Amino acid sequence: MNREEKRYLVKERAENDVKEHGSVQKAIKHLKIELEEMEALWSRFSSDCLGHGITCTRLKISWLERGLVGN
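Residues numbered from 1 in each chain as written. Predicted model: local features only at pLDDT ≥ 70, side-chain atom pairs only at ≥ 80, totals over all residues. Heavy atoms only, no water.

## Section: the packing of helix α2 (residues 10-21) against helix α4 (residues 48-65)
Right, on to step 1. The geometry of α2 relative to α4 is characterised by a closest axis approach of 9 Å and an angle of 75° between their N-to-C directions. For the element pair α2 / α4, the angle class is roughly perpendicular. Together, Val-10, Lys-11, Arg-13, Ala-14, Asp-17 and Val-18 of α2 and Cys-56, Leu-59, Lys-60, Trp-63 and Leu-64 of α4 make up the contact between the two elements.
Right, on to step 2. Looking at the contact of α2 with α4, its residues break down into seven nonpolar, no polar and four charged. (Axes fitted to C-alpha atoms, helices over the stretch in contact; angles between N-to-C directions. Helix = DSSP H or I, 4+ residues; strand = E, 2+ residues; numbered from the N terminus. Parallel < 35°, antiparallel > 145°, perpendicular 65-115°, else oblique. Contact = heavy atoms within 4.5 Å. Nonpolar A, V, L, I, M, F, W, Y, C, P; charged D, E, K, R; others polar.)

## Overview of the pattern of salt bridges
Right, on to step 1. Overall, the coordinates contain four salt bridges when judged by the stated rule.
Right, on to step 2. Of the charged contacts, one joins Glu-5 and Arg-66 as a salt bridge, the two residues approaching to 2.3 Å between their closest N and O atoms. Of the two residues, Glu-5 is situated in helix α1 (residues 3-7) and Arg-66 in the segment after α4; the sequence distance between them amounts to 61 residues.
Right, on to step 3. The class of Glu-5 is buried, set by a relative accessible area of 3%.
Right, on to step 4. In this structure Arg-66 comes out as partly exposed when scored by relative accessible area, which is 44%.
Right, on to step 5. Between Glu-65 and Lys-32 there is a salt bridge, with its nearest N and O atoms 3.0 Å apart. Linking Glu-65 in helix α4 with Lys-32 in helix α3 (residues 24-45), this pair joins segments that are 33 residues apart in sequence.
Right, on to step 6. On the basis of relative accessible area, Glu-65 is assigned to the partly exposed category, the value being 48%.
Right, on to step 7. In this structure Lys-32 comes out as partly exposed when scored by relative accessible area, which is 39%. (Salt bridge = Lys/Arg side-chain N within 4 Å of Asp/Glu carboxyl O. Buried < 20%, exposed > 50% of the residue type's maximum accessible area, 1.4 Å probe, protein only.)

Given below as structure tokens:
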């Protein structure tokens, strides 16, 4: 786990996403849709909050795709 993943509590948040959506693949699918929506808003509403949301969501997707849930 790198510093940015620790700072954003990626492990805990990714695990919560899996619990909420029922599987790793469903969580990834949902997060990718969320990420697309946030990125679409970026050109109109760039802000620190939106930027943090994009960064955190990208980190969670990466965490789940690397198979680190439960580690």
